[in-house]
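Spelled out from the first residue to the last, the chains are:
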Amino acid sequence: RRKWRRVMNVLKELEEACGTHVTRLKQVVDAMSVEMHAGLASEGGSKLKMLLTFVDKLPNGSEKGLYYALDLGGTNFRVLRVQLGGTRSSIVRQDVERKPIPEHLMTSTSEELFDFIAASLKEFTDQENDENISDTSASGRELGFTFSFPMKQTSVTSGILMKWTKGFSIHDVVGNDVCEYLRRAMSRQGLDMHIAALVNDSVGTLALGHYNDEDTVAAVIIGTGTNACYFERADAIIKSQGLPTSSGGMVVNMEWGNFWSSHLPRTSYDIELDAESPNPNDQGFEKMISGMYLGEIVRRVILRMSSESDVFGPITPSLSKAFILRAPSMSTMHEDESPDLIEVARILEEVLGICDVPLKVRKLVVNICDVVTCRAARLAAAGIVGILKKIGRDGSSGVASSRAKGPSSSSNRLRRTVVAVEGGLYSNYRMFREYLNDAVAEILGEELAPYVILKVTEDGSGIGAALLAAAYSSSPETVDT
């Protein structure tokens, strides 16, 4: 039938436009590495911001005692307390409390918002007497503060808010140090707590990864949004020569969602999605690989097919609604293993209002999900290998030259390299994870691939921040290694 042929043509065009052959992925690897160099060389030198975090040491397992974290990244915030045992991977105890931020506070005054947060912190610490939790540090409590909004750090304990996102809008905070607002609010509450580290969530993930495994060199978050950070040599950060660092290096927050390259396989759906988004020409990489956008690309493809033929029946109001199809629904359809694809039929009906779809059309939907997810995962993999290339861990300078010197030096050159990965898209979406892992191995090649390990990490923004508070603690206890 001609109508079916039309739909198959749309699918074929999509497959070709989303192609991520390994040759193309290697071009993306090179482009990522080049942009990283440019972003480190000068302010505004690249689409990658390559922000300095002033974190120049990572937790190593010697940290001991009781530490706190405050994780403010959206409409909820969390307070954590973590007891560390003094050896690698030894979190003796952790307590977490999650609180929604009342909607009116998101647009009120800085004082009201931070007083609410400080009061919640105080409430949390007041419970300790009841629960008989011993705080061994004499110098007051040490806090790691995860603040997941665009900020420019000026030291490990201060950062200027560049702009609010996620529905927050409190004008007097913009352009000022967020830690100062929190310090004042804590002092109004009579809370003796010292902010030891201000971090972004990807930095927390790197800290937690390194605490668990000393070979961890980078962290990637792939969930609703996406970002990456890694440990860079101080002498490679050209835009800030003479940085004071105790270790000769510093964690760089890439803000990699904004990466762009002409080698990225862009489709008409991506172009339209970007043009209609609140931030056109921004976050181009994120719009291809993160959970926020994958379902929307799939919806746009189905809408296009529906406008060219009637295999999905008439176009429903739901199908015309942007962002109605979320990543969890998409992964459920993609991973539906029932013989007649019951889950696909259910989601088409419940989410998109498309009923009574024959089996071959359900299979078509699974195909669309597969193409979009495969592209996203493989591009994310290329991004990861791009970071490894920048820090000389991708084998491009090592394997060949080391072989020439005989087998004994080869094993020294092939160092074990760990990347901590956090986020629901990677941890909960099996097909995405498998495509990503396979692509990393394919790009690196069989000799090097076994030495690069991607490790699922959970709660960098909470536990990771508490670990950084420990690493930067002013109490003498953590110094004793």
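All figures in this text were calculated on a predicted structure; none of them were measured in a lab.

Visitor: Quick one: what's the story with the state of the cysteines, residue by residue and with numbers?
Guide: Going through the model one piece at a time under the given rule, you end up with zero disulfides. Unpaired in this structure, Cys-355 has its nearest cysteine sulfur neighbour in Cys-369, at a distance of 18 Å. Here Cys-374 stays free of any disulfide, with the sulfur of Cys-18 as its closest cysteine sulfur at 9.0 Å. Classification of Cys-374 by relative accessible area gives buried; the value is 18%.

Visitor: Report on helix α10 (residues 342–352), specifying residues and quantitative values.
Guide: Taken together, the buried positions of α10 are occupied by Val-344, Ile-347, Leu-348, Val-351 and Leu-352. Buried residues of α10, seen end-on, are gathered within an arc of 100° and therefore sit on one face of the element. Packed against the buried residues of α10 are α8 (291–308), α9 (327–334) and α11 (359–390). In the segment just after α10, Gly-353 is the residue with positive phi, at about 70°.

Visitor: Quick one: what's the story with the domain arrangement of the protein chain, residue by residue and with numbers?
Guide: Taken domain by domain, the protein chain holds domain 1 (1–51 + 212–393 + 416–458) and domain 2 (54–199). Listed as interface residues are 15 residues of domain 1 and, on the opposing side, nine residues of domain 2. Taking both partners together, domain 1 and domain 2 bury about 910 Å²; carbon and sulfur atoms supply 53% of that area. The three residues of domain 1 that bury the most area against domain 2 are Asn-212, Met-250 and Val-251, which together make up 40% of that side's buried surface. The interface formed by domain 1 and domain 2 holds one salt bridge in total.

Visitor: An account of the nonpolar core is needed here, citing residue identities and associated values.
Guide: Core analysis: the biggest nonpolar cluster contains 93 residues, and Met-254, Trp-256, Ile-302 and Leu-436 have the highest contact counts within it. With 18 residues, the single largest contributor to this core is α11. Excluding residues that lie within four positions of it along the chain, Leu-436 makes contacts with Ile-222, Ala-377, Ala-380, Ala-381, Ile-384, Tyr-426 and Leu-454.

Visitor: Report on the packing of aromatic side chains, specifying residues and quantitative values.
Guide: Considering all chains together, one arrives at twelve aromatic pairs under this definition. Geometrically, the ring pair formed by Trp-164 and Phe-168 is stacked, given 5.3 Å between the ring centres and 20° between the ring planes. This pair shows no difference in class: Trp-164 is buried, exactly as Phe-168 is. Measuring from ring centre to ring centre gives 5.2 Å for Phe-259 and Phe-285, while their planes differ by 85°; the resulting arrangement is edge-to-face. Here Phe-285 lies in the loop between α6 (268–275) and α7 (286–289) and Phe-259 lies in the loop between β11 (249–253) and α6, a separation of 26 residues in the sequence. Both residues of the pair, Phe-259 and Phe-285, belong to the buried class. These aromatic residues form a ring-pair network of at least three members: Phe-145, Phe-147, Phe-149, Trp-164 and Phe-168.

Visitor: Lay out the packing of α9 against α11 in plain terms, naming residues and giving numbers.
Guide: Direction vectors running N to C along α9 and α11 enclose 120°, while the axes themselves pass 9 Å from each other. The handedness of the crossing between α9 and α11 comes out as left-handed. Where α9 approaches α11, its residues Met-330, Met-333 and His-334 are matched on the opposing element by Val-365, Val-366, Cys-369, Asp-370, Val-372 and Thr-373. Among the residues making up the contact of α9 with α11, the classes are represented as six nonpolar, two polar and one charged.

Visitor: With reference to specific residues and values, describe the environment of Leu-364.
Guide: Tracing the backbone shows Leu-364 in helix α11. Spatially, the C-alpha atoms of Leu-364 and Val-452 are 35 Å apart, while their sequence positions differ by 88 residues. In contact with Leu-364, other than residues within four places in its own chain, are Trp-4, Val-7, Met-8, Leu-11, Met-305 and Phe-312.

Visitor: Requested: an account of the packing of helix α1 (residues 2–17) against α8, with residues and values cited.
Guide: Contact geometry of α1 with α8 gives a least axis separation of 9 Å together with a crossing angle of 150°. Relative to α8, the element α1 is oriented roughly antiparallel. α8 is crossed by α1, and the crossing has right-handed handedness. Here Arg-6, Val-7, Val-10, Leu-11, Glu-13 and Leu-14 of α1 come into contact with α8, specifically with Val-301, Arg-304, Met-305 and Glu-308. Considering only residue class, the contact of α1 with α8 consists of six nonpolar, no polar and four charged.

What counts, and where the lines are drawn
- Residues numbered from 1 in each chain as written.
- Predicted model: local features only at pLDDT ≥ 70, side-chain atom pairs only at ≥ 80, totals over all residues.
- Heavy atoms only, no water.
- Disulfide = S-S within 2.5 Å.
- Buried < 20%, exposed > 50% of the residue type's maximum accessible area, 1.4 Å probe, protein only.
- Helix = DSSP H or I, 4+ residues; strand = E, 2+ residues; numbered from the N terminus.
- Arc of directions from axis to C-beta.
- Contact = heavy atoms within 4.5 Å.
- Domains from an automatic or database assignment.
- Buried area = accessible area lost by both parts, 1.4 Å probe.
- Salt bridge = Lys/Arg side-chain N within 4 Å of Asp/Glu carboxyl O.
- Core = buried A, V, L, I, M, F, W, Y, C linked by side-chain atoms within 4.5 Å.
- Phe/Tyr/Trp six-rings, centres within 6.5 Å; stacked < 30°, edge-to-face > 60°.
- Axes fitted to C-alpha atoms, helices over the stretch in contact; angles between N-to-C directions.
- Left-handed = near helix turned anticlockwise from the far one by under 90°.
- Nonpolar A, V, L, I, M, F, W, Y, C, P; charged D, E, K, R; others polar.
- Parallel < 35°, antiparallel > 145°, perpendicular 65-115°, else oblique.

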